[in-house]
Structures are given as structure tokens and as C-alpha cells.
Amino acid sequence: MHALAAELYPICRSITGNGVRQTLEHIRRRIPLDMHKVPTGTPVFDWTIPKEWNIRDAYVADCHGHRIIDFARSNLHVLNYSAPVRVNLSLDELKSHLFTIPEHPDWIPYRTSYYKEAWGFCLSHNQLLAMDGGPYEVHIDSSLEEGHLTYGEYHVPGETEDEVLISCHICHPSLANDNLSGITVAVFLAQYLSRLPLRYTYRFLFIPGTIGAITWLARNQERAQAIRHGLVLTCVGDAGGFTYKKSRRGNAEIDRAILQVLKFSGAAYQIEDFVPYGYDERQYCSPGFNLPVGCLMRSPWGRFPEYHTSADNLQFIQPRQLAGTLRVVIELVDVLENNKTYRNTMPYCEPQLGKRNLYRSTGGSDIGVDNLAKLWLLNLSDGQHTVLDIAERSGIPFGVLRDSVEALVNHQLLRE
Ligand code: ZN
């Protein structure tokens with residue numbers, strides 16, 4: 001997973017342009033996704049597909065022609081979506097186009113100007129302090145032209161047409177936790193699920209943030225109604241515990257399922273309420289859609305110092321942490337896939353488990369969690385309680401209940 005992140009790291013992505021297409025091509029070598037192209041100027045709800053941005057080179061050079069700031073060294077050096085420019089300016093004139101982080105003088109900030117035409121450079125504060133009065137040669141060899149917005153979509157069919165949505169953004173340039181971590185977890189989850197028999201159909205979206213989600217929703221208004229559960233994946237590779245931001249509904253099955261998983265994951269976690277800000281859950285949870293889509297993160301965006309800086313690099317995300325997130329998401333899928341409702345076929349008093357070899361003797365005064373799981377399942381399986389309901393009420397991990405369900409179904413004591 002980390003190798004995939006490393007492969008994608010150098011690409012200069014934005015909300016449109018060659019970087020997005022290259023990223024999707026890399027993903028396509030692992031999962032056969034469909035690439036969709038939507039032309040500039042296309043209205044999508046209240047928004048419009050912007051001009052396509054591409055960049056070849058950019059620099060600020062001193063009077064000897066030495067590149068003081070060079071796009072070739074880091075793609076974060078250019079204000080993302082910068083209009084082309086070629087001028088000579090003194091440092092004073094240039095300053096309003098320069099962005100730094102004085103509190104972290106070695107880091108380059110990541111800045112964008114998508115919907116307002118501008119140009120600029122991002123640099124470390126120490127770089128700025130080392131600059132003399134100029135003049136400087138300023139050149140951004142970029143283009144803003146009619147083109148396309150591109151996104152990738154991959155669906156893994158299941159038994160039913162009810163869908164689980166997995167969405168991640170692919171619009172940030174060399175930033176690891178904030179975009180590459182979500183992409184890698186989504187790709188590996190897709191590969192894993194494509195080999196399994198599934199109840200739900202899984203839809204994976206690799207889209208530019210905000211405008212990509214709006215575009216997909218505008219083109220799939222009908223299809224979106226089939227989404228039963230959804231998850232936005234972002235910032236899932238750092239060393240922090242998990243943060244889950246609930247869907248707008250607040251009590252959707254996915255909100256409850258992830259809590260079940262995190263509770264028994266052994267990892268630190270926090271659950272946060274929905275706010276109409278953050279990542280693409282904002283669009284999925286807009287009132288017209290109100291889809292049950294939450295957002296899974298480790299350290300939440302904006303609350304780790306490396307966020308939107310050059311310090312959000314490949315060292316900041318680690319294989320163990322990416323794998324830990326994948327494991328949590330796979331367990332979440334396991335809960336969603338197996339959260340069904342059963343009916344006890346012998347509801348008049350307890351069926352005798354011992355004679356069916358379903359009661360495990362513990363030899364002590366402790367009844368044992370496997371036995372207890374069966375008693376809870378038999379008691380609450382009245383056609384009104386799902387396995388997740390029973391997990392919440394009994395405090396027994398979902399996985400233990402799921403295994404007991406299998407045993408009880410095999411002995412015809414439970415029926416779906
Ligand atoms: Zn971001």
C-alpha cells in the first residue's frame with residue numbers, strides 16, 4: 001500500500017488536468033476502473049465544470065538565472081490552479097503572491113485558488129528570509145483551457161443492487177495523508193472485495209474533492225438512491241487513532257457499525273458528530289440526498305500540524321497504519337454484510353443447546369461468551385432485531401455473534 005502511495009506521490013494533481021488522469025491510470029493497473037470525462041462548462045447543480053488546468057514548469061529566478069523557487073523540486077511550490085504568468089518583479093512586488101508558514105519555517109504550505117483566477121508561489125519561510133530585494137524573473141508555464149474534469153469509478157457487483165459507497169479524493173498534489181492514504185486503502189479494499197461473494201454492490205469513487213462529488217451526484221441522482229451505506233476515506237495513514245465523523249443522520253447503520261468495529265479494534269478512537277464542512281460527505285449528506293455517508297480518518301484534517309504542508313509526506317504515512325485502516329474497513333464491511341435479521345424457530349422457552357452440541361462446557365462458573373452469544377441471539381431474534389442491535393444490547397463483539405448465527409442457522413434454530 002505504501003508503495004502505491006510512493007508511486008502516486010510525485011504526480012502534480014489538481015481538480016482537473018493530466019495529474020488526475022495519470023493518477024487514475026496508475027490505479028487502473030490494479031483495478032479496472034471506468035474513467036469518466038465531463039467537459040468544461042457543464043453545469044452540475046449550482047456549479048460549473050471549470051477550465052482544465054495543466055502545468056509544465058514554474059520558477060522564481062534571481063538576476064543570475066538561479067532558480068530560488070522551483071516547481072521541479074516540489075509541486076507544492078506553485079499555488080495550485082495558478083494562471084500563467086511571466087514578469088519581472090522586485091521582492092516587494094512579489095510578496096503578495098508568496099505564501100509561507102512562519103511557525104514551521106522549513107515546511108512548504110499547500111495552497112489552491114480553484115474558483116478565482118490567481119497565481120502564486122508557496123515556499124518555506126526560511127527560503128523567503130534568504131531572498132534579497134530582487135528583481136526576480138517570475139514564470140509559471142501553466143494553462144487554463146477548455147478541457148475535462150475526470151473521475152474514476154469502479155463497481156464490485158453483489159447479490160443485491162443495494163450499494164455501499166466508498167469515496168476518496170484524488171485532487172491533492174504531493175500530499176500523502178490527505179489524499180494518497182485514502183486512495184491506497186480504497187484500491188486495496190476494492191481488490192480484496194472483488195474476490196469475495198458479496199451481498200451488497202460496492203461502488204468506489206476516485207474523484208476530485210467537492211466538484212467531483214457534486215459532478216457524480218448530478219449525473220447519478222437516481223442511482224444515488226441505492227446507496228445504503230457510505231464512507232469517505234481520507235487522512236488514514238498517520239500514526240493517530242481513528243476519528244469517525246458520523247453521517248448527517250447520526251444514527252445510520254454505518255454510524256453504528258463503525259462504532260462496533262472500533263470498540264473492539266484495540267485502537268484509540270473518537271466519534272464526532274456531523275458538521276456541514278470537511279470532505280465530500282458534505283455533498284453526499286446535503287439535504288436533498290441525505291445519504292448515510294460518514295467519514296473515516298485517523299488524525300482529523302486541519303488538526304495535525306503537517307496538514308496541507310510538505311511535511312504531509314511519505315514518512316508521515318506508514319505501512320502499518322495503512323494496513324491497520326484497511327483492517328478496520330474490512331471489519332466494517334463484515335458487519336454490514338452480515339447484519340441481518342433472524343427469527344428464532346423455537347421461541348417457546350430455550351431450545352436445548354446441549355443435546356445439539358451447541359453449548360460449550362466451560363467447567364467454571366463463567367458461562368463463556370460463545371454460549372452467551374447464542375442465548376442473546378435466540379432471545380432477541382424475533383424478527384425485530386438485527387445482529388447489530390443484539391451486539392449493541394449484549395456488548396458481545398459482532399464477530400462472535402456472527403459465528404454463533406452460523407451455528408444456530410445450521411441447526412435450524414434461526415431463520416433469516
Ligand atoms: Zn486537503
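The structure presented is a predicted model; accordingly, all values stated were derived computationally and were not measured. (Residues numbered from 1 in each chain as written. Predicted model: local features only at pLDDT ≥ 70, side-chain atom pairs only at ≥ 80, totals over all residues. Heavy atoms only, no water.)

(A) Inspection of the nonpolar core at higher detail. If you look at the biggest cluster of nonpolar residues, it comprises 71 residues, and the most contacted ones within it are Ile183, Tyr202, Phe204, Phe206, Leu231 and Leu296. For this core, the leading source of residues is helix α5 (residues 176-193), giving 9 residues. Counting residues domain by domain, this core receives three or more from each of domain 1 (2-50 + 148-337) and domain 3 (341-415). Sequence-distant contacts of Phe206, defined by excluding residues within four places in its chain, comprise Leu24, Ile27, Ile31, Leu33, Tyr151, Gly152, Cys168, Ile170, Ile183, Ala186 and Val187. (Core = buried A, V, L, I, M, F, W, Y, C linked by side-chain atoms within 4.5 Å. Buried < 20%, exposed > 50% of the residue type's maximum accessible area, 1.4 Å probe, protein only. Helix = DSSP H or I, 4+ residues; strand = E, 2+ residues; numbered from the N terminus. Domains from an automatic or database assignment. Contact = heavy atoms within 4.5 Å.)

(B) Up close: the domain arrangement of the chain. Split into domains, the chain comes out as domain 1 (2-50 + 148-337), domain 2 (54-145) and domain 3 (341-415). For domain 1 and domain 2, the distance between their C-alpha centroids amounts to 31 Å. Counting from both sides, the interface comprises 26 residues of domain 1 and, opposite them, 16 residues of domain 2. Here domain 1 and domain 2 share an interface that buries about 1600 Å² over both sides, 58% of which is from carbon and sulfur atoms. Together, Cys12, Ile15 and Ser310 form the three largest contributors to the area buried by domain 1 at its contact with domain 2, with a combined 27%. The interface formed by domain 1 and domain 2 includes 0 salt bridges. The tally of links from domain 1 across to domain 2 stands at 9 residue pairs in polar contact (both at pLDDT 80 or more). When the residues that make up the side of domain 1 that touches domain 2 are grouped by side-chain class, the tally is 13 nonpolar, 10 polar and 3 charged. (Buried area = accessible area lost by both parts, 1.4 Å probe. Salt bridge = Lys/Arg side-chain N within 4 Å of Asp/Glu carboxyl O. Polar contact = N/O pair within 3.5 Å; in protein donor to acceptor, adjacent residues only side chain to side chain. Nonpolar A, V, L, I, M, F, W, Y, C, P; charged D, E, K, R; others polar.)

(C) Structural detail: the state of the cysteines. A full pass over the atoms with the stated rule returns 0 disulfides. Cys285 takes part in no disulfide bond, and the closest cysteine sulfur to it belongs to Cys295, at a distance of 9.8 Å. Residue classification places Cys285 among the buried positions, given a relative accessible area of 2%. (Disulfide = S-S within 2.5 Å.)

(D) A look at the packing of helix α10 (residues 369-380) against helix α12 (residues 398-410). Between α10 and α12, the shortest axis-to-axis distance is 9 Å and the interhelical angle comes to 70°. Of the possible angle classes, the one that applies to α10 and α12 is roughly perpendicular. In the packing of α10 onto α12, the handedness of the crossing is right-handed. Facing α10, whose interface residues are Val369, Asp370, Ala373, Lys374, Leu377 and Leu378, α12 presents Val400, Leu401, Ser404, Val405, Ala407 and Leu408. Taken together, the residues of the contact of α10 with α12 sort by class into 9 nonpolar, 1 polar and 2 charged. (Axes fitted to C-alpha atoms, helices over the stretch in contact; angles between N-to-C directions. Parallel < 35°, antiparallel > 145°, perpendicular 65-115°, else oblique. Left-handed = near helix turned anticlockwise from the far one by under 90°.)

(E) Spotlight on the pairing of strand β13 (residues 227-233). Most of β13 sits out of view: 6 of its 7 residues are buried. Pairing of strand β11 (residues 163-169) with β13 involves 5 bridges; the strand directions are parallel. Within β13, the residue paired with Val164 across the bridge is His229. The sheet contact formed by β13 and strand β16 (residues 293-297) spans 4 bridges and is parallel. Among the inter-strand pairings, Val232 is bridged to a residue of β16, identified as Cys295. (Pairing = 2+ DSSP bridges.)

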